[in-house]
Amino acid sequence: MKTLTSLVAASALALCMSAQVYAKDAGHTSEAMEHAGKAHAHGEDGHAKELLKHAKKSLDHAKQASKEHAEAHQHMDEAIKHLEEAIKHAEMGHADVATGHMDEAIKHMQKSGH
């Protein structure tokens, strides 16, 4: 029963943590798209100065979104390594060591947001 309760608690925590990451990432992506649209509209009107302003803002947000994706993939790679180690140790009957690797895998999955 203790294991089931721990599993449910860890799952709920992972869900809450990933929702925050998705919201943050969607913010930069949507901001980049919004400024890109404004830049495009100003370009159609012949307003190069306004196009430049919004294009620069779009670029800044696009870079932030890209950076967050890279960090997310790095955390998922680390989670995979810990999962592989947990499996290896569980196959050898080392539950305590495997559990430690599972803890680390969960932490990295939460940070990845995927």
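Residues numbered from 1 in each chain as written. Predicted model: local features only at pLDDT ≥ 70, side-chain atom pairs only at ≥ 80, totals over all residues. Heavy atoms only, no water.

### Regarding the overall build of the protein
- Counting its secondary structure elements, the protein contains three helices and zero strands.
- Written out in order from the N terminus, the α and β elements of the protein read α-α-α. (Helix = DSSP H or I, 4+ residues; strand = E, 2+ residues; numbered from the N terminus.)

### Describing helix α2 (residues 48–91)
- Its 44 residues give α2 an end-to-end C-alpha distance of 64 Å, which sits within 8% of 64 Å, the value for a rise of 1.5 Å per residue.
- Residues of α2 that are buried include every one of His-54, Ser-58, Ala-65, Glu-68, Ala-72, Ala-79, His-82, Ala-86 and His-89, and no others.
- Looking one or two residues beyond α2, the residue adopting positive phi is Gly-93, at roughly 85 degrees. (Expected span 1.5 Å × (residues − 1). Buried < 20%, exposed > 50% of the residue type's maximum accessible area, 1.4 Å probe, protein only.)

### Description of the confidence of the model for the protein
- Summary statistics for the protein give a mean pLDDT of 81 and a share of 76% for residues scoring 70 or more.
- The least confident element of the protein is helix α1 (residues 2–44), whose mean pLDDT is 66; the most confident is helix α3 (residues 95–112), at 91. (pLDDT = per-residue confidence, 0-100.)

### Observations regarding the environment of Thr-99
- On the secondary structure map, Thr-99 appears in helix α3.
- Under the relative-accessibility criterion, Thr-99 is labelled partly exposed at 45%.
- Placed ten residues apart in sequence, Thr-99 and His-89 show a C-alpha to C-alpha distance of 9.0 Å.

### Brief notes about the packing of α2 against α3
- Where α2 meets α3, the axes come as close as 8 Å, and the angle between the chain directions of the two elements is 165 degrees. Here α3 runs roughly antiparallel to α2, going by the angle between their axes. Classified by chirality, the crossing of α3 by α2 is left-handed. Contact residues: α2 offers Ala-72, His-75, Met-76, Glu-78, Ala-79, His-82, Leu-83, Glu-85, Ala-86, His-89 and Ala-90, while α3 offers Val-97, Ala-98, His-101, Met-102, Glu-104, Ala-105, His-108, Met-109, Lys-111 and Ser-112. (Axes fitted to C-alpha atoms, helices over the stretch in contact; angles between N-to-C directions. Parallel < 35°, antiparallel > 145°, perpendicular 65-115°, else oblique. Left-handed = near helix turned anticlockwise from the far one by under 90°. Contact = heavy atoms within 4.5 Å.)

### As for the pattern of salt bridges
- Under the counting rule described, the total for this entry stands at five salt bridges.
- Between Glu-85 and Lys-88 there is a salt bridge, and its shortest N-O distance comes to 3.3 Å. Of the two residues, Glu-85 and Lys-88 both sit in helix α2, three residues apart, roughly one turn of that helix.
- For Lys-88, a relative accessible area of 41% corresponds to the partly exposed category.
- Here Glu-104 ties to Lys-107 by a salt bridge, and the two come within 3.5 Å at their closest N and O atoms. (Salt bridge = Lys/Arg side-chain N within 4 Å of Asp/Glu carboxyl O.)

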